[in-house]
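Below are the chains, spelled out letter by letter.
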Amino acid sequence: MVERNSPLGGLCGNKSEQLCCVSVDKVFDSARDKDCLEDVRVHLCDMAQEIIDKASAVRCKCVEVINTNINIEPVPFNKGFYQVTIRYYFCITLEACVCGGRVQEVKGLAAFDKKIILYGSEKNVSVFTSDPEKNSFCFDEQDLRCNSESTLPTVVVEVASPICLDSKIVERCRKFGNCCMCIDAIPEKIRARFDGNFVDDVGVNNVYVTIGVFSVIRMERRVQLMLPVANFCFPEKDSKPCGNDDPCSIFGKMQFPVSEFYPYADDRCDNKYDNCQQNNRNCCEKNCK
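Nothing here was measured: the structure is a model prediction, and the numbers come from that model. (Residues numbered from 1 in each chain as written. Predicted model: local features only at pLDDT ≥ 70, side-chain atom pairs only at ≥ 80, totals over all residues. Heavy atoms only, no water.)

Undergrad: Which residues make up the confidence of the model for the chain, and what values go with them?
TA: Counting all residues, the mean pLDDT for the chain is 81, and 78% of those residues have values of 70 or more. For the chain, the element scoring lowest by mean pLDDT is helix H6 (residues 282–288), at 48; strand E3 (residues 81–97) scores highest, at 95. Here residues 276–281 is modelled with pLDDT under 50, and outside its nearest four sequence neighbours on either side it reaches eight contacts, counting other chains as well. (pLDDT = per-residue confidence, 0-100. Helix = DSSP H or I, 4+ residues; strand = E, 2+ residues; numbered from the N terminus. Contact = heavy atoms within 4.5 Å.)

And the structure:
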């Protein structure tokens, strides 16, 4: 029996202590990176390769991160540290200049491996969790597990929209650029996003791009923390339907979008502008500086 005065009692409404035990993902280590991925090869499908072979120039139109593959390995002789290998998969949209001054759009796949070492602490316990969908005392044979779940930390990768810095066509016979992946290593889920079959060592030209990537990498682990609490969170806002209201009255409650007309305007200027006369913009600009 857990005593009421115990800090681990889990009683969020204990008025004597006003403490609550919660299970959260604690960030043990993190890093922000600004990477310039120079001359990364773009893998093309058969139809896209035919267009690139006929192109005289190519321009990178868009770069999108479509997936990542994250691997975690403990660092030898350094307890609590882990080497994280991240493979980014980029969808590259290209515009190719072909005969007659025509432009054709093609898509390709680029990949790049990044390594980083982060601290994630250690947890030498067996972790088992219940499954609400299989809430039964008797298990099937396929549900029984002899091995406990891994106690490795979790890595979270946040990537901003990449920037294409350069793109070029290079003859296949020349040794150029970086390539960390062959077409046989492309996952099936990635292949399904492209039309056609990826080809390698086929055609005349290869395409290489230089990409700028901003990323934040966090190493997290589930922990239990004791936090002070004030009260339970209960919504105080009422849901009021607006279907019966006058459309003009709803429009009249909207603030004037000053920032849409003045790109350099600060959000703080919107409220101050309402107090100024509409024909006197200078008074607001002085207050917002």
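The rest of the description comes next.
Undergrad: Outline the pairing of E3, listing residues and values.
TA: Within E3, 14 of the 17 residues are buried, which leaves the element mostly enclosed by the surrounding structure. Pairing geometry for strand E2 (residues 57–74) and E3, over 16 bridges, is antiparallel. Considered in E3, the bridge of glutamate 73 is made with glutamine 83. Sheet topology note: the E3/strand E4 (residues 103–119) ladder contains 17 bridges and is antiparallel. Each residue of the ladder has a partner; that of cysteine 91, found in E4, is leucine 109. Connecting the antiparallel pair E3 and E4 is a turn made up of five residues, with glycine 100 showing a positive phi of about 75°. (Buried < 20%, exposed > 50% of the residue type's maximum accessible area, 1.4 Å probe, protein only. Pairing = 2+ DSSP bridges.)

Undergrad: Hey, could you go over helix H1 (residues 46–54) for me, with residue numbers and the actual values?
TA: Those residues of H1 that fall on the buried side of the exposure criterion are Ala48, Gln49, Ile51 and Ile52. All buried residues of H1 lie within an arc of 160° about the axis, which places them on one face of the element. Summarising the geometry of H1, the exposed residues directed more than 90 degrees from the buried face are Met47, Glu50 and Lys54. As for H1, its buried residues are in contact with strand E1 (19–44), E2, E3, E4 and strand E7 (205–228). (Arc of directions from axis to C-beta.)

Undergrad: Now, about a nonpolar patch on the surface: what can you tell me, with residues and values included?
TA: On the surface, a nonpolar cluster with roughly 260 Å² of combined accessible area is contributed by Phe81, Ile117 and Tyr119. If you trace the backbone, isoleucine 117 turns up in strand E4. For isoleucine 117, a relative accessible area of 48% puts it in the partly exposed group. (Patch = residues over 30% accessible without salt bridge, like charges linked within 9 Å, V, L, I, M, F, W, Y side chains within 5 Å. Areas by Shrake-Rupley, 256 points an atom, 1.4 Å probe, with all protein chains shown as cover. Salt bridge = Lys/Arg side-chain N within 4 Å of Asp/Glu carboxyl O.)

Undergrad: Account for the environment of cysteine 173, naming residues and giving values.
TA: Among the secondary structure elements, cysteine 173 is positioned in the loop between strand E6 (163–171) and helix H2 (188–191). With a relative accessible area of 67%, cysteine 173 lands in the exposed category. Measuring from C-alpha to C-alpha, the distance between cysteine 173 and asparagine 206 comes to 9.3 Å, with 33 residues separating the pair along the chain.

Undergrad: Lay out unusual backbone geometry with the relevant residues and their values.
TA: Unusually for a residue other than glycine, aspartate 39 sits at a positive phi of about 50°. Tracing the sequence through the fold places aspartate 39 in strand E1. Even without being a glycine, serine 121 presents a positive backbone phi close to 65°. Note on placement: serine 121 falls in the loop between E4 and strand E5 (154–159).

Undergrad: Before we move on, could you go through the packing of aromatic side chains and cite the residues and values that matter?
TA: Summed over the entire model, instances satisfying the criterion amount to five aromatic pairs. Residues phenylalanine 194 and phenylalanine 198 carry aromatic rings whose centres are separated by 5.4 Å and whose planes lie at 70° to one another, so their mutual orientation is edge-to-face. On the basis of relative accessibility, which here comes to 7%, the residue phenylalanine 194 falls in the buried class. Within the aromatic cluster, the residues linked to one another by ring pairs are Phe28, Phe81 and Tyr119. The ring of phenylalanine 28 is capped by lysine 26, whose NZ or CZ atom sits 5.0 Å from the centre of that ring. (Phe/Tyr/Trp six-rings, centres within 6.5 Å; stacked < 30°, edge-to-face > 60°. Lys NZ or Arg CZ within 6 Å of the ring centre and 35° of its normal.)

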